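# Structure assessment
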Amino acid sequence: MQPTVPVALAPSAPAHVAIIMDGNGRWAKARGLPRAAGHQRGAEVVRDIVIACRDLGISYLTLYAFSSENWKRPVTEVDDLMGLLCLYLEKEVAELNRNGVRVRVIGDRSRLAGNVRALIADAEARTSGNRALTMILAVNYGGRSEIVHAARAIAEAVRAGRLAPAEITEDIFASYLDTVDVPDPDLLIRTSGERRMSNFLSWQSVYTELVFLDTLWPDFSRENLLAALDEYYHRERRYGASSFSG
Ligand code: IPE
Ligand code: IPE
Ligand code: MG
């Protein structure tokens, strides 16, 4: 039985949690299963964790679904991952609507197949009125690529005379990123024991609290989420200022 989320946690929940869902392949390998089975189980975990985050009062949940570097994988695995994404978008929208979850996708869509792009646009449109939780899926996402695209758009705005170079502040720059209007992540969780960012939210994560868990993503549960939140609550966020405790 799933533990119920303590209501007492809700008021101080972080506004934005980001997750690098890693370890699907190792989970499958340990069971003698194809990697696709790990990805499939991973997608099922997403379903539960989205609802858990909503119940906790988290406003934004960003999930790293496919990195701009994941094209390096065998074409069959890329196809499996894209297929699972399509299945998820097709099958889950009704349930997401029932739960007040809005879907938003970040990343470079230009390389995605037409049917994937159409399903993304459809899921975004059909859930756009929901306010309980915004689930942001990072698909063909890379932090550096996002920054380069922003720089390009800013250069175009300057060339067109819509923006002066001296007007480019951090806030203006951030408004050209895919995450426009989304607060920076407070907490980032990476599963599977790897301790790196793998090109995720490079601009946005400069003051994010990082929690690395050994659990493989297909085994990730509400207990793991609560454990990561518990660690987060014990951190002192200073943003460069002096320590509150002296
Ligand atoms: C994460 O699991 C899923 C994606 C990267 C899409 P992996 O497939 O990276 O699993 P490991 O790291 O090989 O175990
Ligand atoms: C990061 O995991 C990307 C996703 C979880 C989608 P990877 O498994 O691709 O990262 P590396 O290659 O180990 O850094
Ligand atoms: Mg991995």
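Everything that follows concerns the structure shown earlier in this document.
Residues numbered from 1 in each chain as written. Chains lettered and ligands numbered in written order. Predicted model: local features only at pLDDT ≥ 70, side-chain atom pairs only at ≥ 80, totals over all residues. Heavy atoms only, no water.

Attention shifts here to the pairing of strand β2 (residues 60–67). In terms of residue burial, β2 counts as a mostly covered element, since 7 of its 8 residues are buried. Pairing of strand β1 (residues 16–20) with β2, which is carried by 5 bridges, proceeds in the parallel orientation. Each residue of the ladder has a partner; that of Ala18, found in β2, is Thr62. Bridge count for β2 against strand β4 (residues 133–141) is 7 bridges, and the pairing is parallel. What sits directly across from Tyr64, in β4, is Ala138. (Buried < 20%, exposed > 50% of the residue type's maximum accessible area, 1.4 Å probe, protein only. Helix = DSSP H or I, 4+ residues; strand = E, 2+ residues; numbered from the N terminus. Pairing = 2+ DSSP bridges.)

An order of β3-β4-β2-β1-β5-β6 is seen for the 6 strands of this open sheet, with the pairing classed as parallel. In this open sheet, the two edge strands, each paired with only one partner strand, are β3 (101–106) and β6 (209–212). Pairs of neighbouring strands in the sheet enclose a mean axial angle of 20 degrees, with direction left out of account. On the sheet, helix α3 (residues 75–98) packs against β2, β3 and β4 and is oriented at approximately 165 degrees with respect to β4. (Axes fitted to C-alpha atoms, helices over the stretch in contact; angles between N-to-C directions. Contact = heavy atoms within 4.5 Å.)

Another aspect to go through is the site of ligand 2. In the vicinity of ligand 2, the residues found are Ile20, Met21, Asp22, Tyr64, Ala65, Phe66, Asn70, Arg73, Arg190, Arg196 and Ser198. One of the side-chain N or O atoms of Asp22 is found 3.2 Å from an oxygen atom in ligand 2. Residue Arg73 places a side-chain N or O atom 3.2 Å away from an oxygen atom belonging to ligand 2. In the complex, the protein chains occlude 78% of the 390 Å² of accessible area that ligand 2 would expose alone. Of the residues forming the shell around ligand 2, the biggest block, 3 residues, is contributed by β2. (Near = heavy atom within 4 Å. Polar contact = N/O pair within 3.5 Å; in protein donor to acceptor, adjacent residues only side chain to side chain. Areas by Shrake-Rupley, 256 points an atom, 1.4 Å probe, with all protein chains shown as cover.)

Okay, the side chain of Glu92 next. Note that Glu92 resides in helix α3. Looking at Glu92, its side chain comes within polar contact range of the side chain of Arg47, at 2.7 Å. Leaving out residues up to four positions away in the same chain, Glu92 has contacts with Arg47 and Leu87.

Below, the discussion takes up the pattern of salt bridges. If you walk through the whole model with that rule in mind, you get 19 salt bridges. The partner of Asp22 in a salt bridge is Arg26, with the nearest N and O atoms 3.5 Å apart. Given the relative accessible area of 17%, Asp22 is considered buried. The partner of Glu209 in a salt bridge is Arg237, with the nearest N and O atoms 3.9 Å apart. Here Arg237 lies in the segment after α7 (222–233) and Glu209 lies in strand β6, a separation of 28 residues in the sequence. For Glu209, a relative accessible area of 14% translates into the label buried. Connected through salt bridges with shared partners, the residues Asp22, Arg26, Arg190, Glu194 and Arg196 form a single ionic network. (Salt bridge = Lys/Arg side-chain N within 4 Å of Asp/Glu carboxyl O.)

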